[in-house]
Amino acid sequence: MRVWEQFATVDLLSAGRAEIIAGRGSYTESFPLFGYDRRDYADLFREKLDLLLEIRERNPLTLRGRFRAPLVDADIAPRADGETIPIWVGVGGVPQKEHLEAIERLGTEVAPVVRREVASAERSAA
């Protein structure tokens, strides 16, 4: 919910120009700190992305999940400036099954996040 609230605030301040790129991330070292098991990596991504999509589409929201406390008639504010905030799936390598499933649900394309080229370009500029 926090991600939505922050992006909705930026969207309101920018008159509807915010977009979200949602990805799985590459560091799982913190999972145990939050009580997550690394084997649940794909399921966590699916559930968190589904939550983000539900928040985008409905308000108030009732939702139950495996990895979070249930939401019952939760009023999520602020809302987007316009009808919605675009959400892209960020992939830093070869898309995995859960990326492709997310892309299908979103009806969008992949927003490639390429770190190697950025790091290489930064070294070249130095």
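Keep in mind it's a predicted model, so treat the numbers as computed, not measured.

What counts, and at which threshold
- Residues numbered from 1 in each chain as written.
- Predicted model: local features only at pLDDT ≥ 70, side-chain atom pairs only at ≥ 80, totals over all residues.
- Heavy atoms only, no water.
- Core = buried A, V, L, I, M, F, W, Y, C linked by side-chain atoms within 4.5 Å.
- Buried < 20%, exposed > 50% of the residue type's maximum accessible area, 1.4 Å probe, protein only.
- Helix = DSSP H or I, 4+ residues; strand = E, 2+ residues; numbered from the N terminus.
- 1 Å grid on protein atoms, 1.4 Å probe; cavity = no way out; pocket = protein on both sides within 12 Å on 5 of 7 lines; lining within 4 Å.
- Points joined across faces, edges and corners; volume = space filled by probe spheres on them.
- Nonpolar A, V, L, I, M, F, W, Y, C, P; charged D, E, K, R; others polar.
- Salt bridge = Lys/Arg side-chain N within 4 Å of Asp/Glu carboxyl O.

Draft legend 1. Fine view of the nonpolar core. In this structure, Trp4, Ile20, Leu49, Leu52, Ile55, Ile85 and Ile87 are the most contacted members of the largest nonpolar core, which totals 21 residues. Elements with a minimum of two residues in this core: helix H1 (2-13), strand E1 (20-22), helix H2 (41-57), strand E3 (71-74), strand E4 (87-91) and helix H3 (97-106). If you tally residues by element for this core, the top one is H2, at 6 residues.

Draft legend 2. The arrangement of unusual backbone geometry in detail. At the junction of Asn59 and Pro60, the peptide bond is cis and its omega measures out at 0° in the coordinates. Residue position: Pro60 is located in the loop between H2 and strand E2 (61-63). In this chain, Ala77 is followed by Pro78 through a cis amide linkage whose omega measures 5°. Inspection of the secondary structure puts Pro78 in the loop between E3 and E4. The phi dihedral of Ala15 falls on the positive side, at around 55°, and the residue is not glycine.

Draft legend 3. Examining the layout of surface pockets more closely. When its volume is computed, the largest pocket comes out at roughly 510 Å³. Of all the elements in the fold, those that place two or more residues in the lining of the largest pocket are H1, E1 and H2. Broken down by element, the lining of the largest pocket gets its largest block of residues, 8 residues, from H2. Of the residues that constitute the lining of the largest pocket, the class distribution is 15 nonpolar, 1 polar and 3 charged.

Draft legend 4. Here's a closer look at the pattern of salt bridges. All chains considered together, the criterion is met by 7 salt bridges. The shortest N-O distance in the salt bridge between Arg66 and Asp40 comes to 2.9 Å. In this pair, Arg66 is assigned in the loop between E2 and E3 and Asp40 in the loop between E1 and H2, connecting sequence segments 26 residues apart. A residue is classified by how much of its surface remains accessible, and Arg66, at 55% relative accessible area, is exposed.

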